[in-house]
Amino acid sequence: MASPSSTVDFPVWPGLNPDFHTALLEEGNSPAGKALRKKAEDRFMYAEGKPFLLGPAQMVKPEFADTLVRVTQTYHRAIETIVRASVSDEAVRAELPTPPALAADLAKDVDPANSRVHICRLDLMLDPAGGFWILETNANCPGGFVFSGMCNRAWREFMEARGHTMPPPLRHEDKGFMADWFLESLEQDTGVRPDFLALLREDGGNRLELRDFAKHVRWNDIECVAMDPRKVQYNGTGSPTAGGRVLTHVYQKLGMQPFQRLRGELDPFVHAVRDRALVVQNGQRGRWVGDDKLCLAIMFDPGFKHLFEASDWDMLQNYVPWSRNMRRLDAIVVDAVRGERERYVLKRGLDTRGNGVIVGRGVTAERWAEAVGTAIAEGWLVQEYHATTWIERDFDVPDMQRHDIALGAINGELTTVFMISSGELRVNMSRSGRMHPLFLGRN
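Residues numbered from 1 in each chain as written. Predicted model: local features only at pLDDT ≥ 70, side-chain atom pairs only at ≥ 80, totals over all residues. Heavy atoms only, no water.

Student: Mind showing me how you'd approach the packing of helix α3 (residues 62–85) against helix α13 (residues 310–319) here?
Tutor: If you want to describe how two helices pack, look at the angle between their axes and the distance between the axes. Two elements in contact, α3 and α13, have axes separated by 10 Å at closest approach and are oriented at 115°. Judged on the interaxial angle alone, α13 and α3 are roughly perpendicular. The element α3 and its partner α13 pack so that their crossing is left-handed. Contacts between α3 and α13 involve Thr67, Arg70, Val71, Thr74, Tyr75, Arg77 and Ala78 on the former and, on the latter, Asp312, Met315, Leu316 and Tyr319. A breakdown of the residues in the contact of α3 with α13 according to their chemical character gives six nonpolar, two polar and three charged. (Axes fitted to C-alpha atoms, helices over the stretch in contact; angles between N-to-C directions. Helix = DSSP H or I, 4+ residues; strand = E, 2+ residues; numbered from the N terminus. Parallel < 35°, antiparallel > 145°, perpendicular 65-115°, else oblique. Left-handed = near helix turned anticlockwise from the far one by under 90°. Contact = heavy atoms within 4.5 Å. Nonpolar A, V, L, I, M, F, W, Y, C, P; charged D, E, K, R; others polar.)

Student: I tried to follow the nonpolar core on my own but got confused; where do I start?
Tutor: When a protein is soluble and globular, its nonpolar side chains tend to lie buried together. Counting residues in hydrophobic clusters, the biggest one holds 72 residues, and the most contacted among them are Ile82, Phe269, Met299 and Phe308. Top element by residues in this core is α3. It accounts for nine residues. Judged by nonpolar contacts, the second largest core, of 23 residues, contains Phe147, Leu197, Leu210 and Ile410. (Core = buried A, V, L, I, M, F, W, Y, C linked by side-chain atoms within 4.5 Å. Buried < 20%, exposed > 50% of the residue type's maximum accessible area, 1.4 Å probe, protein only.)

Student: Would you take a moment to explain the pairing of strand β15 (residues 381–384) for this structure?
Tutor: Where a strand is regular, its side chains alternate between the two sheet faces. With three bridges connecting them, strand β12 (residues 323–325) and β15 associate as antiparallel partners. Within β15, the position partnered with Arg324 by the bridge is Val382. Where strand β13 (residues 344–347) lies against β15, four bridges are found, and the strand directions are antiparallel. Pairing of Leu346 across the sheet is with Val382, part of β15. (Pairing = 2+ DSSP bridges.)

Student: Explanation requested: the sheet that holds strand β7 (residues 223–227) in the structure shown.
Tutor: Pairing between the strands of a sheet is mediated by backbone hydrogen bonds and can be parallel or antiparallel. Strand order in the open sheet formed by four strands is β7-β6-β10-β11, and the pairing between neighbours is parallel. Each edge of the open sheet carries a strand with a single partner, namely β7 and β11 (279–280). Both strand β6 (residues 196–200) and β7 contribute to a ladder of five bridges, which runs parallel. Along β7, the bridge assignment pairs Leu199 with Ala226. Helix α7 (residues 177–190) rests against β6, β10 (249–252) and β11 of the sheet, and its axis sits at about 135° to β10.

Student: Help me understand the environment of Gln281 in this model?
Tutor: Secondary-structure assignment places Gln281 in the loop between β11 and α11 (285–290). Taking the relative accessible area as the measure of exposure, Gln281 reaches 2% and is therefore buried. Along the sequence, Gln281 and Gly349 sit 68 residues apart, while their C-alpha atoms lie 21 Å from each other. Contact partners of Gln281, with chain neighbours within four places excluded, come to His118, Ile119, Trp181, Phe182, Leu186, Val250, Tyr251, Gln252 and Arg287.

Student: Is there a simple way to think about the sheet that holds β13 in this case?
Tutor: Spatially, β12-β15-β13-β14 is the arrangement adopted by the four strands of the open sheet, whose pairing is antiparallel. One side of each edge strand has no neighbouring strand; the edge strands of this open sheet are β12 and β14 (357–359). Strand-to-strand twist in this sheet, taken as the mean axis angle between neighbours without regard to direction, amounts to 20°.

Student: How should the side chain of His403 be read in this particular structure?
Tutor: Mapped onto the fold, His403 is located in strand β17 (residues 400–410). Taking relative accessible area as the criterion, His403 reaches 0% and is therefore assigned buried. Beyond its immediate sequence surroundings of up to four residues, His403 is in contact with Leu16, Met125, Leu126, Thr388, Thr389, Trp390, Ile391, Met419, Ile420 and Ser421.

So this is what it looks like as structure tokens:
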């Protein structure tokens, strides 16, 4: 643990249980703990040649855990509210500038069932006073759900075997969790449980969680094959097919940038999903609107208060930082953002993996001025900057790093929690981040 004299420079979040952390570090540095850590490091890879870095586990105190559960439920309702409103509400659509490659698709995608957000992750920056700020949503394809549950389960079993009392697990610790929720959710939506499932990803593209997900699907006696979405065939009637197989349900692992790049080759796939001839988690509207960082601007702007339940709106105001669409600010506020870069962060609405995020205090005045110009032209999100808290990054090199907390929701239920620490202002796994298993203490 950091010494008391260092906590001024490296503030820690008071919601974390220091006694658990001390015990975890001690056990993790035992011969058995080192063997467990090596097994985990060898087991998980973020990409070819890039290990999935793991740090010491932490535990949230019970009095803080209850708040995380309630905020997750509220935030999920708010995201689905925005997704539904985006079908016909001109003010909402103006706040969320749709990339040209997606505009025509969303204009035609009006089936209410396509506004569901089955799975999403919200990322929190922690306040040294004990609160937190919701910074963005991932409603696209958050693969960390699979690994976080496996890591939590391994550390739980390890600590319990050594006599430590652990709180009840969240659902992500269940073996086969990702496949189970996927099959259950889509069966609830369609009344059909498939006997064949396609895992759609670009040939040679990101497949972070797909190996384990496919294994878990097969535990349910369901055949599972990975394929490129460009192979899907559909003529507007009947069932879509690929490689001679009829498709009814697919798991989509195709990020925003690859999707836009490939969009010209994806007409059959897009049309099948829009017609609900092909069922996929979050559909298209739920995915592309729900993932947009500019949803935070809608949650903060009093002009959109009427969209939300009154109690949800009141809660969101405690946890959503000052957030606006840069294109829609008046000249006075634009000048303030331009002139006080240390107070703000700019984010391209549908970028991922830490790209399209400019932290004002982390760049030169010239770079900031350029970014502000781009943000105005393209309609980026501008948020007030909030410093976060710090944790020890590793067992063997206990340097302090900034960290966040990720909350994973399945149909609004908090099922997944983990932390990411990083030596950068942009805390992101695809850059220099490392995942820390996280447990929720319960009263």
